Amino acid sequence: MAKTCADLFEGFNCTILGNPSEEVSGIAYRSDRVQPGDAFFCIVGLAVDGHSFAQDAIDRGAKVLIVERKLYLADATDVTEVVVADSRKALAYAAAQFYDNPSRAFSLVGVTGTNGKTTTTYLVEHIARMAGKKTGVIGTVGTTIGDVHEKSEHTTPESSDLQHLFARMRDAKCDCVAMEVSSHALDLRRTWDTRFSVTAFTNLTQDHLDYHHTFEAYFEAKALLFSHDYPARRVICIDDKWGAELNRRCMEAGDMVVTTGFDESAAIHPVKVDYGVARTDVVLSVRGEETAFSYPLVGRFNVSNIMTAFGVGLMLGIPAADIAKSLEDASPVPGRLERVRTPHDGGVSVYVDYAHTPDALEKALGSIMALGHGRTIVVFGCGGNRDAGKRPLMGKKALAADYTIVTSDNPRHENPDAIIADIVAGMGDSQDKYEIVPDRRSAIRRAIELADANTSVLIAGKGHEDYQLVGNEVLSFDDRVVAREELERRFVGAAAEAN
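Presented here is a report on the structure given in the accompanying data block. A quick note: this is a predicted structure, and the numbers were derived from the prediction, not measured. (Residues numbered from 1 in each chain as written. Predicted model: local features only at pLDDT ≥ 70, side-chain atom pairs only at ≥ 80, totals over all residues. Heavy atoms only, no water.)

A separate point is the sheet that holds strand β4 (residues 26-28). Judged by pairing direction, the sheet is mixed, and its 5 strands sit side by side in the order β2-β7-β6-β5-β4 without closing on themselves. Here the strands that pair on one side only, and so sit at the sheet edges, are β2 (15-17) and β4. For this sheet the average axis-to-axis angle between neighbouring strands, irrespective of direction, equals 20°. Across the face of the sheet, helix α3 (residues 87-98) comes into contact with β4, β5 (38-41) and β6 (64-67) while running at roughly 155° to β5. (Pairing = 2+ DSSP bridges. Helix = DSSP H or I, 4+ residues; strand = E, 2+ residues; numbered from the N terminus. Axes fitted to C-alpha atoms, helices over the stretch in contact; angles between N-to-C directions. Contact = heavy atoms within 4.5 Å.)

What follows is the structure in structure tokens.
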């Protein structure tokens, strides 16, 4: 596969200095991954300027540089330079051209919002697959093409990696792909020049303010997916003011919109909900018609996710009756209120959830407490080198549980004790309702030691992750595995004595 510079940037505002017919055999944005014949994009990053690595890229065989300012390199007399205003946007555009605009080959669903993205994409994928379509998923838990699952580094990959992934999905004959779209990806133009069939919004609560700084900037990044740059059919949850504002903008723009929410004004809203331990029975009003079904997810927040996925299914042209039928056997999403099961659990109900924002923690706790299992214990921490402002808020939300064990999450390059101090600063004078156990395994063990058959334990923050980031180390750690081990450690002896 090869394209000329003229091919890659046809229709894009740029200046080509050198040979427009120079052939490009690959796309690179990291100089250490450049192959001979590649075009190297000098990305101006948050901490590093890619222009500083241009000579290294040339030395490795790059024949084309994409730059935001002309470079004068002594060894680069035969290298073509493409001068652009925004190297990130240029990377996304050129990558789409290089792979022949693969997102146009299937129905692409983009889901954004603070919480619920992963569950919603999995539900959409299930609905589409049950409708007879070959499907794909891109998101936090990983990438799935048909029946093949792969791990991924980012919720939404860098633009050239994303377009390559789209090309693989196209070549695998996918009919429908559901993708999580993060605010970072939108702000950094990773999805630029991608064609969406449907875009969906779940909610907006505090997260990533270390990057966006204000709620307004965070919202505007999410709102890009609903702007004229990404024309599509829209599904918008209007339960918060941000969704209501997004709906107003889309209606004003003349977009086709399906609203969801608990309020009766939403096109899809619940008429009746019965929450069970393992399933939820719901009657939805769908554009005025009532649809009743049961599905194997629990909690109020999953009603929201079900409604958003239902709206997406409608926008994909799938009949409401078929959507409802498919949702009845939807698979649980890894690390999202995932029940930990083991032969010896002493009757203790242990759930692992990815909840790492104040709103998500509150909803996860509320869902478990609504099941009526008696006492609730929560184990959680906060990630390092991330939005520190949410830490005391999460500490305050955790007090809804009967007891809290504050521990370490992914401290990265921060002192775990300092992170914990930020959390407990929000817990006031409630020392009798929590304790601090910095080591995460010990914290999980402590929670299980305190639990009995009338106790539910929520282990929050990491969900599906099977690692812990400590400094420069990536340590093997899976909350689900550790919880099973600690349940067995405590109760296997008791089971043997009983026999």
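Next comes the rest of the description.
To continue, consider unusual backbone geometry. Of note, Lys173 is a non-glycine position whose phi angle comes to about 70°, a positive value. Tracing the sequence through the fold places Lys173 in the loop between α5 (159-171) and β12 (176-180). What makes Lys173 exposed here is its relative accessible area of 63%. Of note in this structure, Leu337 is not a glycine but carries a positive phi near 45°. Mapped onto the elements, Leu337 comes out in the loop between α11 (320-327) and β19 (338-340). (Buried < 20%, exposed > 50% of the residue type's maximum accessible area, 1.4 Å probe, protein only.)

Among the nonpolar cores identified, the biggest contains 52 residues, and Phe9, Phe41 and Ile66 are the most heavily contacted of them. In terms of residue count, the dominant contributor to this core is α3 (6 residues). If we ignore the near neighbours within four places in the chain, the residues touching Ile66 are Phe9, Ala39, Phe40, Phe41, Cys42, Val82, Val84 and Ala90. One finds Leu123, Val303, Met315 and Ile318 within the second-largest nonpolar core, a separate group that totals 33 residues. (Core = buried A, V, L, I, M, F, W, Y, C linked by side-chain atoms within 4.5 Å.)

The next thing to look at is the layout of surface pockets. Estimated volume of the second largest pocket: approximately 300 Å³. Along the walls of the second largest pocket sit 15 residues, with Pro296, Pro332, Leu337, Arg339 and Arg341 positioned nearest its centre. (1 Å grid on protein atoms, 1.4 Å probe; cavity = no way out; pocket = protein on both sides within 12 Å on 5 of 7 lines; lining within 4 Å. Points joined across faces, edges and corners; volume = space filled by probe spheres on them.)

What follows covers the pairing of strand β21 (residues 375-380). With respect to burial, β21 is a largely interior element, 5 of its 6 residues being buried. Alignment of β21 against strand β24 (residues 455-460), held across 5 bridges, turns out to be parallel. Bridge assignment links Arg375 to a residue of β24, and that residue is Thr455. By the bridge criterion, 4 bridges tie β21 to strand β22 (residues 403-406) in an arrangement that is parallel.

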